[in-house]
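Okay, here's what each chain looks like letter by letter:
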Amino acid sequence: MNLDSMLVQQLKQARRIAVLTGAGISAESGVPTFRDAQTGVWANFDPDELATPDAFRRNPERVWTWYQSRRDMMSRVRPNPGHFALAEWEKRVDAWSIATQNIDGLHRMAGSQRVYEIHGNIHRSKCFVENTLVESWANDGSVPPRCPHCGGFIRPDVVWFGEILPQQEMADAQEAALRCDVYLSIGTSAIVYPAAGLPIMAKQAGALLIEINPDETPLTVAADFFLKGKSGEVLPALVDAVFDLVPMDRAAN
Ligand code: BV8
């Protein structure tokens, strides 16, 4: 991969790096993205019908069943070289964090330590009424299952449209964006807010903004470097160049 030497030099100096990832970084693990026309999750499903609190109130069984099918799919996938490259990079800088819009848990599975799941995690469930995490429930055939504490419906612990993001995770992600030397926006269409505001916040605070995506996005015009390509290919090449590694030096993938 032909990397801009100026970029590599600047990344060699970078001590404080913050990252935003979207569905694109998990695409090579087999997780469908939301907006890629031919495979996008939303291409086949209407988010207003499946990813809002009102949708759940209107048809809890349908929403729960859809998320169960995604949860089953995501329990079978594994991190790809892009996830592993980020985990490797984290070991080699002073300050590092990933704010992820993904709910698949793959960053932590790849070994990343500081991960802010700003849209939640599909492998966790919570009570729709009390908004408290629920780890187990009676297997009484109720769909969705019922909260053992209050009897209300159980829902996935993800952020739906129209819902506020987890405040601590978002505050940490914003602080990282404001304090970093370099901000990487990877595999996101950069249209869902407030997550999409993080790279802009970093850029306005003086960070070098790098976008990694096969396609341009509304963020591309603001990026200092746009690395056109798949994150599973670009990220390992970038880490090798910045740290003068040969692939076998990187953690076995
Ligand atoms: C909020 C979790 C306010 C669940 C998701 C009306 C009413 C209320 C709010 C709004 C409204 N109108 C607009 C809003 C704001 C709204 C929003 O931004 N809407 C957009 C669509 C305009 N935001 C919200 O509603 C947020 N909440 O604003 O609350 C509020 C304030 C106070 C009090 C109360 C309320 C909540 C947003 C979170 C929604 N939840 N998901 C689930 O997953 O089911 S959003 C969903 O989209 C995912 O999280 C996903 O990550 C996110 C963004 O998508 P991407 O990750 O970027 O994925 P996408 O497919 O779009 O793009 C993939 C990219 O990867 C592409 O660019 C592709 O080229 C690239 N790619 C493909 N292959 C690769 C690759 N890149 C690299 N390598 C590859 N191999």
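First, a word on scope: everything that follows refers to the structure included in this document.

### Remarks on the pairing of strand S4 (residues 120-127)
Consideration 1: Most of S4 sits out of view: 6 of its 8 residues are buried.
Consideration 2: Inspection of the sheet shows S4 paired to strand S5 (residues 154-158) by 5 bridges, in the antiparallel sense. In the strand pairing of S5, Gly-120 is matched with Val-158.

### Quick notes on helix H9 (residues 167-179)
Consideration 1: Taking 1.5 Å per residue as the helical rise, H9 with its 13 residues ought to reach 18 Å, and the 18 Å between its terminal C-alpha atoms agrees with that figure.
Consideration 2: Met-170, Ala-173, Ala-176 and Ala-177 are the residues of H9 that are buried. The buried residues of H9 occupy an angular sector of 125 degrees when the element is viewed end-on, so they sit on one face. Those residues of H9 that are exposed and angled more than 90 degrees off the buried face are Gln-167 and Gln-168.
Consideration 3: The elements touched by buried residues of H9 are strand S1 (16-21), strand S2 (95-100), strand S3 (115-117), strand S6 (182-186) and helix H10 (197-204).

### Brief notes about the site of the ligand
Consideration 1: The environment of the ligand is made up of 33 residues, and the closest members are Phe-34, Arg-35, Tyr-67, His-119 and Ser-189.
Consideration 2: For the ligand, an oxygen atom lies 2.8 Å from a polar atom in the backbone of Ala-23.
Consideration 3: Between Glu-163 and the ligand, the recorded distance is 2.7 Å, taken from a backbone N or O atom to a nitrogen atom.
Consideration 4: In isolation the ligand offers 1,500 Å² of accessible surface; the protein chains occlude 74% of this area.
Consideration 5: Where the shell around the ligand is concerned, the elements lending two or more residues are helix H2 (24-27) and helix H6 (60-74).
Consideration 6: Along the lines of polarity and charge, the residues of the shell around the ligand split into 15 nonpolar, 11 polar and 7 charged.

### Quick look at the packing of aromatic side chains
Consideration 1: Throughout the structure, instances matching the rule amount to 9 aromatic pairs.
Consideration 2: Taking the centre distance of 5.1 Å and the plane angle of 40 degrees together, the rings of Phe-45 and Trp-66 count as tilted. Of the two residues, Phe-45 sits in the loop between helix H3 (41-44) and helix H4 (47-50) while Trp-66 sits in helix H6, which places them 21 residues apart along the sequence.
Consideration 3: Ring centres of Phe-56 and Trp-160 lie 5.5 Å apart, and the angle between their planes is 35 degrees; this geometry places the pair in the tilted category. One end of the pair, Phe-56, is in helix H5 (residues 53-58); the other, Trp-160, is in the loop between S5 and H9, with 104 residues separating them in the sequence.
Consideration 4: Overall, the relative accessible area of 1% leaves Phe-56 in the buried class.
Consideration 5: Under the relative-accessibility criterion, Trp-160 is labelled buried at 2%.
Consideration 6: Pairwise contacts between aromatic rings join Phe-45, Phe-56, Trp-66, Tyr-67, Phe-128, Phe-153 and Trp-160 into one cluster.
Consideration 7: If you follow Arg-70 out to its NZ or CZ, it ends over the ring of Trp-66, 4.6 Å from the centre.
Consideration 8: The ring centre of Phe-243 lies 5.4 Å from the NZ or CZ of Arg-92, which sits over that ring.

### Notes on the state of the cysteines
Consideration 1: The full count for this structure, using the stated rule, is 0 disulfides.
Consideration 2: Sulfur of Cys-127: no disulfide; nearest cysteine sulfur belongs to Cys-150 and is 3.5 Å away.
Consideration 3: Assessed through its relative accessible area of 0%, Cys-127 is described here as buried.

### As for empty space enclosed by the protein
Consideration 1: According to the stated counting rule, one finds 1 cavity of 30 Å³ or more in the structure shown.
Consideration 2: Estimated volume of the largest cavity: approximately 30 Å³.
Consideration 3: Lining the largest cavity, in full, are Thr-100, Asp-104, Gly-105, Leu-106, His-107, Arg-108, Val-115 and Glu-117.
Consideration 4: For the lining of the largest cavity, the elements supplying multiple residues, two or more each, are helix H8 (106-109) and S3.
Consideration 5: The residue makeup of the lining of the largest cavity, split by class, is 2 nonpolar, 3 polar and 3 charged.

### Points about the pairing of S2
Consideration 1: Burial within S2 is extensive, with 5 of its 6 residues counted as buried.
Consideration 2: Here 6 bridges tie S1 to S2, and the two strands are oriented parallel to one another. Bridge pairing in S2 links Ile-17 to Trp-96.
Consideration 3: Where S2 lies against S3, 3 bridges are found, and the strand directions are parallel. Bridge pairing in S3 links Ile-98 to Val-115.

Basis of the calculations
- Residues numbered from 1 in each chain as written.
- Predicted model: local features only at pLDDT ≥ 70, side-chain atom pairs only at ≥ 80, totals over all residues.
- Heavy atoms only, no water.
- Buried < 20%, exposed > 50% of the residue type's maximum accessible area, 1.4 Å probe, protein only.
- Helix = DSSP H or I, 4+ residues; strand = E, 2+ residues; numbered from the N terminus.
- Pairing = 2+ DSSP bridges.
- Expected span 1.5 Å × (residues − 1).
- Arc of directions from axis to C-beta.
- Contact = heavy atoms within 4.5 Å.
- Near = heavy atom within 4 Å.
- Polar contact = N/O pair within 3.5 Å; in protein donor to acceptor, adjacent residues only side chain to side chain.
- Areas by Shrake-Rupley, 256 points an atom, 1.4 Å probe, with all protein chains shown as cover.
- Nonpolar A, V, L, I, M, F, W, Y, C, P; charged D, E, K, R; others polar.
- Phe/Tyr/Trp six-rings, centres within 6.5 Å; stacked < 30°, edge-to-face > 60°.
- Lys NZ or Arg CZ within 6 Å of the ring centre and 35° of its normal.
- Disulfide = S-S within 2.5 Å.
- 1 Å grid on protein atoms, 1.4 Å probe; cavity = no way out; pocket = protein on both sides within 12 Å on 5 of 7 lines; lining within 4 Å.
- Points joined across faces, edges and corners; volume = space filled by probe spheres on them.

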